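An overview of the molecular structure
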Amino acid sequence: MKAVGFKTSLPITSPDSFVDFELDKPSPKGHELLIKISAIAVNPVDYKIRQNSAKDTTLELPKIIGWDACGVVEAVGENVTLFKVGDEVFYAGDLNKPGCNAEFQLVDERIVGRKPKNLSNEAAAAMPLTSLTAWEILFDRIRISAEKDKGKTVLIIAGAGGVGSVAIQLAKKIAGLNVVATASRPQSIAWCRQMGADVVVNHQNLIEEVRNAGFEYVDFILDFVDTNGYWDAMAELIKPQGHIASITGSATPIALNKLKTKSASFSWEFMYTRSIFQTEDMIQQHYILNKMANLLDEGIIKHTLTQTLNGLSAETLKLAHKQLESGTTIGKLAIKY
């Protein structure tokens, strides 16, 4: 099978930042599905791993990355019960296994969902990682529910990005929250409003902007861009007994003591926790993806694909990573095979 990978971490402008190569098609075992991939999407996690996973070394075999895909089940392992050969599926994969920048991929059935019937392959490929992340941060980490939280306010930092675009919709349409999103460019402001944000504020003067919009405090804050850079503002804006959650990680310690007098909570969300640690509830990602497929098919949630490239090749992946590294991407970028 054809694949695209890298042997060392290089700038995306380097000729060898990605290379085309061939390898044997894998065979599924246990709960694994062998997927013939139809389309993939690219996320910030892709270029971060490309930049850091093979620094100052040269791998013997190219590393295959990529964690958003749509395809057809080609073969199944002996323990598979959720899918059969010929099923159309979408999924975000597992950091511990080779990624989707290839013609075929092995993936555990418990983190795979049925492809939304009403979406193209590329639109479907754009949705799994961001949907799982947004769903988990809202409903598994903060444990928001429409019954007890309807009408409360959430501040979403980086609303126009891939995860922010889905989080705005879930917060508004499923949880019934009042949504304040951050954006600064005319295109990203318009996108946040299109996704359903009630208020859009500029992240560059966050406290002042949120206060000027009429909110002294907000009940919840979702950080999708820079925990350290916005920590002081988040600590100031969170309501007493409120909850902050982030997906971005932190190179330096976070001053959690700033939340003490407010008895505010903080959570990390990492979408790969369940697959990395093979948690007892790993199959929840199968259920979440199926719920999202229903919401997408019913038109309650809109897909967030905004740009499509064509063909599995090193050159196509270079273009996609260059776009993401620019920091200006709105919604999601997909590659149709």
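Above this note sits the structure.
The rules behind these values
Residues numbered from 1 in each chain as written. Predicted model: local features only at pLDDT ≥ 70, side-chain atom pairs only at ≥ 80, totals over all residues. Heavy atoms only, no water. Helix = DSSP H or I, 4+ residues; strand = E, 2+ residues; numbered from the N terminus. Buried < 20%, exposed > 50% of the residue type's maximum accessible area, 1.4 Å probe, protein only. Contact = heavy atoms within 4.5 Å. Areas by Shrake-Rupley, 256 points an atom, 1.4 Å probe, with all protein chains shown as cover. Polar contact = N/O pair within 3.5 Å; in protein donor to acceptor, adjacent residues only side chain to side chain. Axes fitted to C-alpha atoms, helices over the stretch in contact; angles between N-to-C directions. Parallel < 35°, antiparallel > 145°, perpendicular 65-115°, else oblique. Nonpolar A, V, L, I, M, F, W, Y, C, P; charged D, E, K, R; others polar. Phe/Tyr/Trp six-rings, centres within 6.5 Å; stacked < 30°, edge-to-face > 60°. Salt bridge = Lys/Arg side-chain N within 4 Å of Asp/Glu carboxyl O. Pairing = 2+ DSSP bridges. Right-handed = clockwise from strand over helix to strand, strands pointing away.

Before going further, it helps to spend a moment on the overall build of the protein. The helix and strand inventory of the protein stands at 11 helices and 15 strands. Principal-axis analysis of the C-alpha atoms gives the protein an extent of 60 × 45 × 35 Å. Classification of the 337 residues of the protein by burial places 53% in the buried group. When contacts within the protein are restricted to residue pairs at least 6 apart in sequence, long-range pairs at least 24 apart make up 71% of them. Of the roughly 14,500 Å² of accessible surface on the protein, a fraction of 49% belongs to carbon and sulfur atoms.

By secondary structure assignment, the location of Asp 226 is in the loop between strand 11 (218-223) and helix 8 (227-237). Residues Asp 226 and Val 210 lie 16 residues apart in sequence; the distance between their C-alpha atoms is 17 Å. A polar atom in the side chain of Asp 226 sits 3.4 Å from the backbone nitrogen of Asn 228.

Relative orientation of the contacting elements helix 1 (residues 44-52) and helix 11 (residues 314-325) amounts to 105 degrees, with a least axis distance of 9 Å. Classified by the angle between their axes, helix 1 and helix 11 sit roughly perpendicular to one another. Taken together, the residues of helix 11 that come into contact with helix 1 (itself represented by Pro 44, Asp 46, Tyr 47, Arg 50 and Gln 51) are His 321, Leu 324 and Glu 325. Here the contact of helix 1 with helix 11 is built from residues that sort into three nonpolar, two polar and three charged.

Let us look at the environment of Ser 131. Within the secondary structure layout, Ser 131 lies in helix 3 (residues 128-141). Taking the relative accessible area as the measure of exposure, Ser 131 reaches 1% and is therefore buried. It is 16 Å that separates the C-alpha atoms of Ser 131 and Asn 121, two residues lying 10 residues apart in sequence. Among all residues touching Ser 131, those that are not within four sequence positions of it are Val 166 and Met 292. Looking at Ser 131, its side chain comes within polar contact range of the main-chain oxygen of Met 127, at 2.7 Å.

It is worth spelling out the packing of aromatic side chains at this point. Under the counting rule described, the total for this entry stands at five aromatic pairs. With a centroid separation of 6.3 Å and 75 degrees between ring planes, the pair formed by Phe 6 and Phe 18 is classed as edge-to-face. Of this pair, Phe 6 sits in the loop between strand 1 (2-5) and strand 2 (19-22) while Phe 18 sits in the loop between strand 1 and strand 2; the two residues are 12 residues apart in sequence, bridging distant segments of the chain. Comparing Phe 6 with Phe 18 shows no difference in burial state: the two are buried.

Here we come to the pattern of salt bridges. With the rule as written, the count across this model stands at 19 salt bridges. Put simply, Arg 274 and Asp 140 hold a salt bridge, and the shortest N to O gap is 3.0 Å. Remark: Asp 140 occurs in helix 3 and Arg 274 occurs in helix 9 (residues 273-276); sequence separation between them is 134 residues. Ionic pairing is found between Asp 198 and Lys 172, a salt bridge with its closest N-O pair at 2.7 Å. Linking Asp 198 in the loop between helix 6 (186-195) and strand 10 (199-201) with Lys 172 in helix 5 (residues 162-174), this pair joins segments that are 26 residues apart in sequence.

Another aspect to go through is unusual backbone geometry. Trans is the prevailing form of peptide bonds, just as negative phi is the prevailing case for residues other than glycine. Even without being glycine, Gln 241 reaches a positive phi, approximately 70 degrees. On the secondary structure map, Gln 241 appears in strand 12 (residues 238-246). One non-glycine residue, Ser 263, lies in positive phi territory at about 50 degrees. By the element assignment, Ser 263 lies in the loop between strand 12 and strand 13 (265-268).

Further remarks concern the sheet that holds strand 13. Here we have six strands laid out as an open sheet, ordered 10-9-8-11-12-13, and parallel in their pairing. Sheet topology places strand 10 and strand 13 at the edges, where each strand pairs with a single neighbour. Strand-to-strand, the axes of this sheet are offset by a mean angle of 20 degrees, without reference to chain direction. Both strand 12 and strand 13 contribute to a ladder of four bridges, which runs parallel.

A few words on the pairing of strand 5 (residues 88-91). As defined by bridge partners, strand 4 (residues 69-76) adjoins strand 5 across four bridges and the pair is classed as antiparallel. Paired with Ala 69 across the bridge in strand 5 is Tyr 91. Summarising the sheet, strand 5 and strand 7 (residues 112-114) pair through three bridges and their orientation is antiparallel. Note that in strand 7 the partner of Tyr 91 across the bridge is Val 112.

Here we take up the side chain of Ser 313. Along the polypeptide, Ser 313 turns up in the loop between strand 14 (305-310) and helix 11. Reaching out from Ser 313, the side chain makes a polar contact with the side chain of Thr 316 at a distance of 2.8 Å. Those residues in contact with Ser 313 that sit more than four places away from it in its chain are Val 4 and Asp 20.

Burial analysis of strand 11 places six of its six residues in the buried class, which makes it a mostly covered element. Bridge count between strand 8 (residues 153-157) and strand 11: four bridges; the pairing is parallel. Bridge pairing in strand 11 links Val 154 to Phe 220. Traced from strand 11 through helix 8 to strand 12, the parallel crossover comes out right-handed.

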